[in-house]
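Residue-level structural notes
Given next are the chains, with one letter for each unit.
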Amino acid sequence: MGRKRKKVRVLERIMVEDYAAEGRCLARWEGKVVFIERTVPGDVVDVFLYKNKKDWAEGYPLVFHQLSPRRVLPFCSHFGDCGGCQWQNVPYEEQLRFKQQQVIDALQRIAKVPLPTISPIVGAKQDRYFRNKLEYTFGVHKYISEAEFQKRKDEIATSRLPALSPYGAAGFHAKGLFDKIVDISNCYLQPEPSNGVREAIRQYALANDISFYDVRHHTGFLRNVQLRVCTTGEAMANVIVGEPDEEKIKKLMQHLQQTVTGITTWIYTVNTKKNDSLYGLEPVTFSGKGYVIEKLSTEPGGEDFQFKIGPKSFFQTNTKQAEQLYRVTRDFAELTGNQIVYDLYCGTGSIGIFVSGGAKKIIGVEMVEEAIDDARENAALNKLDKTLFFAGDVIDICNDDFFAAQGRPDVIITDPPRAGMHEKLVRKILEMEAPVVVYVSCNPATQARDLRLLDEKYTVTRVQPVDMFPHTHHIENVVQLKLKG
């Protein structure tokens, strides 16, 4: 009986050829596609394979023999460690070209329907400090980067870890590790006072012997801080703690209120659950009004719509690019003032409200009841009397009685989560036969799958990618479909 061939674990001097999905690149070796992390096309690397299948493999670089001329120097010292900006080593214009190609590939290979010319991607004018929402985590298990490990490996080998990490870390989860936290010194994703809040909490904890959370044993006081920093100048901080110690909470919140400038409302939440979700929890307003107001402009210098954002509210995390995305959506809806628009997966009503000026009526439908409450409040805030929002499943709500009461849709706007639309909802859209459907997606692959089903009655007439998150592999895409004659 022959000996089983040993699988190769390290590939030497592999040329990285092209970009692949999810921030990785690809190379080819003996007819096999190899997906490689932390590389750029043009790099020549030795690759360690942590997955090695018959037709494909996955790995990470061990040695860089040659660096690609297409590389740029990352501006963040934490690049490669935290799970955030995977593409800071790639010029932004090149990121946009690849994202455009991602959309083209997904629609051609998965949808397999006739396509119009795909419009050039709408890039972001601002590729730093663009997020209005961010969450920092406090944890006892600090992630030790490869560079730090090499510098202090003697201390680590002799178990003198307190010298490395006396308190834990304040920052983001390390990529692929649920318990390790990358200790952030400065983050470029959100404008100040974002970094200031994180550092104020960290320093107070150190000075007052306050514990960071241990996710393995579910003990410790400081868990997270969630921040909203709006273009209006309003800012909200929600400090999330793991113990219901009112005296300790009060002292912390008073200190933050007195020492950190720029936060207009301070909130705290006690979370003794084993997960970080705010579901079922009651945030408490410590100071301020307990929410912030953000604005979206319909045009540069044009009408502003206001949106109330609380600690549990959903809102697009890049305000300026959300305006671009919603302008494309409104353009694709081709509104004349006479149409009834159905906004499916409407969330807190932002798209429906944004396009309402050109519609006769907006009907928003969303499964999450709290989101519908927010949508109604946002409509009232903007003094709109042509918007109606309903909590429930579109499949159940949109029946003949509902159409008789509200009218059938002339335009459907759908903005589903990454998983795309349930096939039953696709069938419901086919049944409703609105003349125009605008499909907003954060995942072109699942969007393409749904377009293939919609091809039964609809033609894809316009496609517009929009980049919401620079330096990441994420991409939004808007598709206009029209009912076949």
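What counts, and where the lines are drawn
Residues numbered from 1 in each chain as written. Predicted model: local features only at pLDDT ≥ 70, side-chain atom pairs only at ≥ 80, totals over all residues. Heavy atoms only, no water. Helix = DSSP H or I, 4+ residues; strand = E, 2+ residues; numbered from the N terminus. Buried < 20%, exposed > 50% of the residue type's maximum accessible area, 1.4 Å probe, protein only. Polar contact = N/O pair within 3.5 Å; in protein donor to acceptor, adjacent residues only side chain to side chain. Contact = heavy atoms within 4.5 Å. Axes fitted to C-alpha atoms, helices over the stretch in contact; angles between N-to-C directions. Parallel < 35°, antiparallel > 145°, perpendicular 65-115°, else oblique. Left-handed = near helix turned anticlockwise from the far one by under 90°. Nonpolar A, V, L, I, M, F, W, Y, C, P; charged D, E, K, R; others polar. Salt bridge = Lys/Arg side-chain N within 4 Å of Asp/Glu carboxyl O.

**Re the side chain of D467**
By the secondary structure assignment, D467 is in the loop between strand 21 (458–466) and strand 22 (476–483). Note on D467: relative accessible area 0%, which makes it buried. Within the structure, D467 has its side chain in polar contact with the side chain of K99 (distance 2.7 Å). In terms of polar contacts, D467 uses its side chain to reach the backbone amide nitrogen of F469, at 3.4 Å. Leave out the neighbours within four places in its chain, and D467 touches Y92, L96, K99, I121, V122, G123, A124, Q321, H474 and I475.

**Some thoughts on the packing of helix 3 (residues 194–207) against helix 4 (residues 246–259)**
Here helix 3 crosses helix 4 at 135°, and the two axes come no closer than 10 Å. In terms of orientation, helix 3 and helix 4 fall into the oblique class. Between helix 3 and helix 4 lies a crossing of right-handed hand. Contact residues: helix 3 offers A200, I201 and Y204, while helix 4 offers K251, L252, H255 and L256. Grouping the constituent residues of the contact of helix 3 with helix 4 by class yields 5 nonpolar, 1 polar and 1 charged.

**What to know about the pattern of salt bridges**
Across all of its chains, the model carries 27 salt bridges by this definition. We note a salt bridge from D43 to R71, for which the minimum N-O separation is 2.8 Å. Taken together, the residues D43 in the loop between strand 4 (32–36) and strand 5 (44–52) and R71 in the loop between strand 6 (56–66) and helix 1 (92–111) connect sequence positions 28 residues apart. For R71, a relative accessible area of 24% corresponds to the partly exposed category. Across the salt bridge formed by D276 and R223, the nearest N and O atoms sit 2.9 Å from each other. Highlighted residues: D276 in the loop between strand 12 (265–270) and strand 13 (284–287) and R223 in strand 10 (residues 222–229), separated in sequence by 53 residues. In this structure, a network of salt bridges that share partners links the residues D183, R198, E199 and R202.

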